[in-house]
Each structure stands twice: as structure tokens, then as C-alpha cells.
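Residues per chain are reported as follows:
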Amino acid sequence: MYINTGYLNQSHKDFKDKRQPLIVGSCGNYRLSSYPKMPTYRPRGRLDYQIIYIASGKAYFHFDKPENETIVPAGNVVLFRPKELQKYEYYGKDKTEVFWIHFTGSDVKNILRKYGFADKQRVFPVGTSLEYERIFKRIISELQKCQSDYEEMLMLLLRHLLIVFNRELTREHVLKNEYMDREMELTVSYFSTNYNLDINIEEYASSKGMSVSWFIHNFKKYTGETPMQFLTSIRITNAQILLETTTYSVNEISRIVGYNNPLYFSRIFHKRKGYSPQQYRKRMMETEE
């Protein structure tokens, strides 16, 4: 097992200090390979904040209650706030490597919010990067050497770290939005082409790897309508065209646009247009005359 750490004023004791907006208390790096297990258990948490970056392998966290377990893989940051239960383990078999930093200050909450660390969220996907590791190692070195103005340098380096984390968090959010927009564009195309089929929204959402509620939420965000409202709009619009331009019966048009029950189709049409299909066709014919 490899350990490299640095502590402010060589003290291992956690502390709360509001004399400055941001104060780094300690920083370190653990790397496990042959060592079987490295557990941490602080039932009352700490007075300061802690960020843990999983650089490789994975870690096992128990948020809120000791019996809870969340496996956090490499490429994620875990944030502990003051007085939160801290229970987690690293295992040699996973070849886990983590970097951690403890900090305090008078403006930590606002600083974290500014850099994308939302309140109540514990795990943040930032990906893996050698840049993160270089910053952590620089912070450890500053704590070990204690050169002139090193406390100010520590604050600047921590802000640097938070900024690069935030850039990745923002980029991930944009990528997720782009992915979702593409998925919704494909869905709109599929619905527009197959509106006359019996589309099961739950099955369609599942085929996209989404829960129904999440699928409906994103579809409505993209189109302004729920999936069923969108399908109904297309069906009724095409029914209008058929009523205006063909001599198909209402029953035939009902089936063509995807309604096997003509009475149900008539009710939906009336609700949307204010007229029954027959009344709508008659008005269109009178208008043409």
C-alpha cells in the first residue's frame, strides 16, 4: 500500500476555521494493491469538508446509515460535509487509488455551489484525469514543504481543482443533454412515421433504457407535449386531411390513423376540434361551396 499525505501545521486533528473563505487542512493519496482492506468509520463525521476522488478501482461508501452501501467507481468525486457519517472501504483486490482533501472556511458552501457541487448531492461524475492528480500532488507538496505564503497557495490550488471538476461536470451535463436531444429527435421521427400503430409508451421507454416517467419528462421538455398528446395530435391532424380530401368513411379514417374504435376516435376528434368528424367534413364541404 502506498500513502502520501500532508497536514496543515502537521496536525491530524480536524477543525473548523472561519477566518478565511477557504482553508485547506490536509490532503493525501492512498493506493492499494496487495493490502487487503482500508476501512474508515467516523460515526459523527468531521468538523470540516472532505472531497474524495477515486482515480482507479472503486470504493464502497455507506451514506447516511452504516448498513447502506453504494459502490462508487473510478472517475467520481465524493463530497462529505461537516458532521455527516463517514463510513467507507477500499480493497486491494480492486487496486483502488484515491486522492482526498479536507478543507474548511467561512464561505465553503457558496464556493462549492459556485463550482457545481449541488447541495445534498454526494457523488459527482468528473471522469479521470492526470490533471486532477497533478493538482492533488501539488497540494500535498505545499503542505509538506510549508514555503512562504503556502496557505494562500493551498487555497488557490483547491479553487483550481474545483474549477477543473466543474468544467467536467458542466461538459458531462451538456453531453447528456445532447444525447437526450438526439434520442428525443429519433423518437419524434419514429412516432411521426408509425403514429397509426399501437405504440406502447412503457415498452418504448424501456427499449431506450429509460423509466416511463423519465422518458415522458424528457419528451415533454423536447416537444411541449407528452408522448400520448403528441401521437393524438398527429392522428387528429391526419384525420382532418383525410376528411377534407377523401371520401373514406369515418370508420375507415379511424382505422387508418390508428383508432380501432370509431366511437372513441369521434370523441377524441370532437374534444380536439369542437366538431364530430361528420360535422367537420360537412363544414369543410360547405366552405368550399
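The notes below deal with the structure included here. The written sequence of each chain sets the order in which its residues are numbered from 1. Reporting in this predicted model follows two pLDDT cut-offs: at least 70 for local features of residues, and 80 or more for side-chain atom pairs to be given and counted; totals over whole chains, interfaces and linings ignore these cut-offs and use all residues. The basis for every side-chain value is the complete set of non-hydrogen atoms in the structure, without hydrogens or water.

**Structural notes on the side chain of Arg 281**
Line of reasoning, step 1. Numbered from the N terminus, helices here are DSSP runs of H or I no shorter than four residues, and strands are runs of E no shorter than two. Within the secondary structure, Arg 281 is located in helix H9 (residues 277-288).
Line of reasoning, step 2. For the buried Arg 281, no salt bridge exists, and the shortest N-O distance to an oppositely charged side chain is 7.5 Å, to Glu 252.
Line of reasoning, step 3. By definition, residues are in contact when any of their heavy atoms lie within 4.5 Å. Excluding residues that lie within four positions of it along the chain, Arg 281 makes contacts with Leu 242, Leu 243, Thr 246, Thr 247, Tyr 248 and Ile 253. For every residue, the accessible area obtained with a 1.4 Å probe (protein chains only) is divided by the maximum for its type, and the residue is called buried under 20%, exposed over 50%, and partly exposed between those limits. When charges are counted, Lys and Arg contribute as positive and Asp and Glu as negative, whereas His and the chain ends are disregarded. The rule for a salt bridge is simple: a side-chain nitrogen of Lys or Arg has to be within 4 Å of a carboxyl oxygen of Asp or Glu.

**A word on the pattern of salt bridges**
Line of reasoning, step 1. Inspection of every chain in the model, using the stated rule, returns 11 salt bridges.
Line of reasoning, step 2. For Arg 31, the salt bridge is made with Glu 97, and the minimal N-O distance between the two is 3.3 Å. Placement of the pair is Arg 31 in strand E2 (residues 23-31) and Glu 97 in strand E9 (residues 97-104), with a sequence separation of 66 residues.
Line of reasoning, step 3. Judged by relative accessible area, which is 11%, Glu 97 ranks as buried.
Line of reasoning, step 4. For Arg 122, the salt bridge goes to Glu 84, with nearest N and O atoms at 3.4 Å. Linking Arg 122 in the loop between helix H1 (108-114) and strand E10 (123-125) with Glu 84 in the loop between strand E7 (76-80) and strand E8 (86-91), this pair joins segments that are 38 residues apart in sequence.
Line of reasoning, step 5. Overall, the relative accessible area of 17% leaves Glu 84 in the buried class.
Line of reasoning, step 6. The network of salt bridges with common partners includes Asp 64, Glu 84 and Arg 122.

**Section: the pairing of E8**
Line of reasoning, step 1. Across six bridges, strand E3 (residues 37-42) lies against E8 in antiparallel orientation. Along E8, the bridge assignment pairs Met 38 with Tyr 90.
Line of reasoning, step 2. DSSP-based pairing: two strands are paired if at least 2 bridges between them are found. By the bridge criterion, two bridges tie strand E5 (residues 58-61) to E8 in an arrangement that is antiparallel. For Phe 61, the partnering residue across the bridge sits in E8 and is Tyr 88.

**Points about the sheet that holds E7**
Line of reasoning, step 1. Pairing is antiparallel in the open sheet, where six strands are placed in the order E1-E2-E9-E4-E7-E10. This sheet does not close on itself; its edge strands, each paired only once, are strand E1 (2-7) and E10. With strand direction ignored, the average angle separating the axes of adjacent strands in the sheet is 15°.
Line of reasoning, step 2. As judged from the eight bridges shared by E2 and E9, these two strands associate in the antiparallel manner. Every axis in this analysis is a line fitted to C-alpha atoms, fitted for helices over the stretch in contact. Angles between the N-to-C directions lie between 0 and 180 degrees.

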